[in-house]
Amino acid sequence: MRTRHLAVIAAVAISALAQPDIRAQVRTASRTRAHVEMLASPQLGGRLTGSAGERLASDYIVSELKKMGARPLPGQADFLIPFDFTAGTRDGGTTVAVDSVPPRMSNKTFSSRSDVQALSFSDNADVTAPVVFAGYGIVVPDSQDFGYDSYAALDVKDKIVLVLRYFPEDADQKTRAILSRYADLRYKALAARQHGAKAMLVVTGPNSPNAGEVVPMSFDTALAGSGIVAASISANVANSFFAAVPDKSFDDVQTQLDTANPHVAGFDLPNLSVTVHANVVREKQTGHNVVAYLPATQPTAAVSKPWVAVGAHYDHLGHGEAGNTLANKEEANQTHFGADDNASGSAAVLAIGAALSGQPRHRNVLLAFWSGEELGLLGSSAFAAQPPLPMNQIAAYLNFDMVGRMQDNKLTVQATGTSAMWGKIIEQTNIAAGFDLQLQADPYQPTDVATFNGASVACLTFFTGVHADYHRPTDTADKINYEDLDRVVDFAVAILRRVEDSEAAPEFVKVDPPTQPGGGRAGVRIFTGTIPDYSSDAKGLLLSGVVGGGPAEAAGLQKGDVIVEIAGQSITNIYDYTYALDVLKIGQPAKVVYMRNGQRRETTLTPAARK
Ligand SMILES: [Zn+2]
């Protein structure tokens, strides 16, 4: 599963069976344990997409597929279907040259990485143009009914825009909450491009966190640039631009924007010509999906769509080198075994395949093991972009991502809104299974189910909740609840049987996407170190843990606490909490009210800056 900055659940020890000999029997009976132990073993090195560990994992999966009699898809010679992706980006020598027209001051070229660095999504090109300062470069869509457009009074066509990073520092809370959603640099670059700008330069203002520093290059898996030249510059470089407008200083300009009216107009920087030479080096690699099928045991002519599909991603984070890791300092660079995320789901798909291989089948059963999920759903997206079989021939897709840490019999099933049939099928199947189900209609989840929803396939994804070992080297095979993982397998097989036995396919229903861009993560710059329990429906924000060494730990918060108020805002659910994060200020202590063991307590939390 991809990182949610909302997340999570606590780890409770699996109740050990009293008799050691009975426990041994359960162990041998598990249909998933050997798969998880193999995939999460040290020699697979955390299964980073494109790595040797990924290849070893795919070798294992292929050997298991062969054992159950699965075949490569029709028209495919092999179980492995490769896809290319960008494994990393670095700056290949971006420069900014400043020329005044007519020459007034000494012209200057900046080339050190502390002065100028491409943004990871930049096009590689040279742009020479006049510069327009466009404030924070934020455009709030009309649909939000808010009226904030940094470009409203500006003509930036074919020019270079200079924008501030983040969003106005001193606006009121409501304004900050809205603007923060549109402050992501990709979003700003899109706005600049849509207004006709040739390039966007971003500078971190003197009043902001990380003041004056260039933006670190983020991990970006896109194979090409985003259609605009984009780079960040230091305060040093920005000041040389502002030398062209002697009546204005960079510091004053930000202060003006931040206080009185947070959207004072931008302005031209006259008599200035700037050349941006942007160079992003993208290192290409190849990842591999493993895809197989169990052919129908009878002609499929009678059924409306001749395929059902089950899938799970088998890649994980390697040693954390590609980001997304939540390892603490002592755990840095260690193998991220990914037993729950997502050896558990991969094991479930293998066990489902093994079960179905011995039964009559009215439809072909596609068994998919995606790679590149942790880097951005790359494998499933590549599959859907060039599907080896028509996507509209797939009656349903069932996804498994983190299904190995069930507690208290709780199973979350998401994307149930993608077909009107799911409610009834799940309810009836659960009579025998007996799970305490948490159903969520939303298919826009940070896992491969989103890809199938995007391709209009009725789908479901199964999930047993996030925990304190999520995306850390401590997500190990010994912590998996195999008994309940096997029950998830049986449940899924029963659901598939019902889909499979019906001539009609579940009709796809389009669920409206959430209104917040990026699920509210845009421009997140606050770090509190809390690990919310994503699946809780408690009133307030239940913590499943705190990040070691983070602000929440320093504030004395711990697993099991329920935050009910932060910085004067009451918190009734996780959405309130993300809203509150947007309005907190870095370094400014905020009062936190929380419940512990039924008692109301208070503490002070000082948010830190996310790099
Ligand atoms: Zn993950």
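Residues numbered from 1 in each chain as written. Predicted model: local features only at pLDDT ≥ 70, side-chain atom pairs only at ≥ 80, totals over all residues. Heavy atoms only, no water.

1. Some thoughts on the overall build of the chain
Looking only at helices and strands, the chain has 14 helices and 25 strands in total. Relative to its 611 residues, the chain shows a buried fraction of 56%. Long-range pairs, those at least 24 residues apart, make up 81% of the contacts in the chain between residues at least 6 apart in sequence. If you sum the accessible surface of the chain, you get close to 24100 Å²; carbon and sulfur atoms cover 51% of it. (Helix = DSSP H or I, 4+ residues; strand = E, 2+ residues; numbered from the N terminus. Buried < 20%, exposed > 50% of the residue type's maximum accessible area, 1.4 Å probe, protein only. Contact = heavy atoms within 4.5 Å. Areas by Shrake-Rupley, 256 points an atom, 1.4 Å probe, with all protein chains shown as cover.)

2. Brief notes about the sheet that holds strand β10 (residues 267–277)
What the 8 strands build is an open sheet, ordered β4-β3-β10-β6-β7-β8-β9-β5; its pairing is mixed. The sheet is open, and its two borders are formed by β4 (108–110) and β5 (116–118), each paired with just one other strand. This sheet shows a mean twist of 30 degrees between the axes of neighbouring strands, independent of strand direction. Note: strand β3 (residues 95–100) against β4, 3 bridges, orientation antiparallel. Looking at the pairing, A97 lines up with T109 of β4. Sitting on the sheet, helix α5 (residues 185–194) touches β7 (160–164) and β8 (199–203), and the angle it makes with β8 is about 140 degrees. Where helix α7 (residues 250–258) meets the sheet, its contacts fall on β6 (126–133), β7, β8 and β10, and the angle it forms with β7 comes to roughly 65 degrees. (Pairing = 2+ DSSP bridges. Axes fitted to C-alpha atoms, helices over the stretch in contact; angles between N-to-C directions.)

3. So, the confidence of the model for the chain
Looking at the chain as a whole, its pLDDT mean stands at 87, while 89% of the residues score no less than 70. Every residue in residues 4–27 scores below 50 in pLDDT, and together they form 56 contacts with partners more than four places removed in sequence or on other chains. Scored below 50 in pLDDT, residues 516–523 makes 14 contacts in the model with residues more than four places away or belonging to other chains. (pLDDT = per-residue confidence, 0-100.)

4. Remarks on α5
Side chains that are three or four residues apart share a direction in an α-helix, a result of its 3.6 residues per turn. Along α5, the positions that sit buried rather than exposed are L185, K188, A189, A191 and A192. Summarising the axial view, the buried residues of α5 lie within an arc of 160 degrees, below the 170-degree limit, and thus occupy one face. At its buried positions, α5 is contacted by β7 and β8. Capping the start of α5 is the job of one residue whose side-chain oxygen sits 3.1 Å from the backbone nitrogen of R186: D184. Once α5 finishes, G196 follows within two positions and takes phi at roughly 95 degrees, a positive value. (Arc of directions from axis to C-beta. Polar contact = N/O pair within 3.5 Å; in protein donor to acceptor, adjacent residues only side chain to side chain.)

5. Remarks on the nonpolar core
By size, the foremost hydrophobic cluster in this structure holds 60 residues, and its most contacted members are L65, L367, L398, F400, W422 and F462. Among the elements that take part in this core, helix α12 (residues 482–501) stands out by supplying 10 residues, more than any other. Ranked by size, the runner-up nonpolar core spans 42 residues in total, among them Y166, V237, F241 and F267. (Core = buried A, V, L, I, M, F, W, Y, C linked by side-chain atoms within 4.5 Å.)

6. A few points about the environment of L190
Among the structural elements, L190 can be located in helix α5. Among the residues examined, L190 registers a relative accessible area of 31% and is labelled partly exposed. On a C-alpha basis, the gap between L190 and G227 in space is 8.6 Å, while along the polypeptide they are 37 residues apart.

7. Some points on the side chain of Q117
Checked against the element boundaries, Q117 lands in strand β5. By relative accessible area, Q117 is classed as buried at 14%. Discounting chain neighbours no more than four positions away, the residues touching Q117 are D91, V214, V215, P216, M217, A231 and S232.

8. Some thoughts on the packing of aromatic side chains
Counted according to the given criterion, the structure contains 13 aromatic pairs. Relative to F491, the ring of F435 lies with its centre 5.3 Å away and its plane at 65 degrees, an arrangement referred to as edge-to-face. In this pair, F435 is assigned in the loop between α10 (422–433) and β16 (436–440) and F491 in helix α12, connecting sequence segments 56 residues apart. Chaining the aromatic ring pairs together yields one cluster made of F133, F242, F250 and F267. (Phe/Tyr/Trp six-rings, centres within 6.5 Å; stacked < 30°, edge-to-face > 60°.)

9. Side note on the packing of helix α8 (residues 339–357) against α12
Axis separation between α8 and α12 bottoms out at 9 Å; the angle between their running directions is 50 degrees. In terms of orientation, α8 and α12 fall into the oblique class. As for the relative orientation of α8 and α12, their crossing is right-handed in sense. Contact residues: S344, A348, A351, I352, A355 and L356 in α8; L485, V489, A492, V493, L496 and R497 in α12. Split by residue class, the contact of α8 with α12 holds 10 nonpolar, 1 polar and 1 charged. (Parallel < 35°, antiparallel > 145°, perpendicular 65-115°, else oblique. Left-handed = near helix turned anticlockwise from the far one by under 90°. Nonpolar A, V, L, I, M, F, W, Y, C, P; charged D, E, K, R; others polar.)

10. A word on the environment of N124
In this structure, N124 sits in the loop between β5 and β6. On the basis of relative accessibility, which here comes to 44%, the residue N124 falls in the partly exposed class. Spatially, the C-alpha atom of N124 lies 9.3 Å from that of G227, the residues being 103 residues apart in sequence. Once you skip the residues sitting within four places of it in the chain, N124 turns out to touch A278, N279, V280 and R282. In this structure the side chain of N124 is engaged in a polar contact, spanning 2.6 Å, whose partner is the backbone nitrogen of V280.

11. Side note on the pattern of salt bridges
Throughout the structure, instances matching the rule amount to 15 salt bridges. In the salt-bridge network here, residues are joined through shared partners; they are K157, D158 and K198. (Salt bridge = Lys/Arg side-chain N within 4 Å of Asp/Glu carboxyl O.)

12. Observations concerning helix α9 (residues 378–385)
Burial in α9 covers these residues: L378, G379, S380 and F383. Elements in contact with the buried residues of α9: β2 (80–91), β11 (280–294), β13 (364–370) and α11 (449–454).

13. Thoughts on unusual backbone geometry
Residue D341 is joined to N342 through a cis peptide bond whose omega torsion reads 5 degrees. In this structure, N342 sits in helix α8. The residue N271 is not glycine, and still its phi comes out positive at about 60 degrees. Here N271 lies in strand β10. For N271, a relative accessible area of 41% gives the class partly exposed. Residues other than glycine seldom take positive phi values, yet H471 does so here, at roughly 55 degrees. As for its position among the elements, H471 is in the loop between β17 (459–463) and α12.

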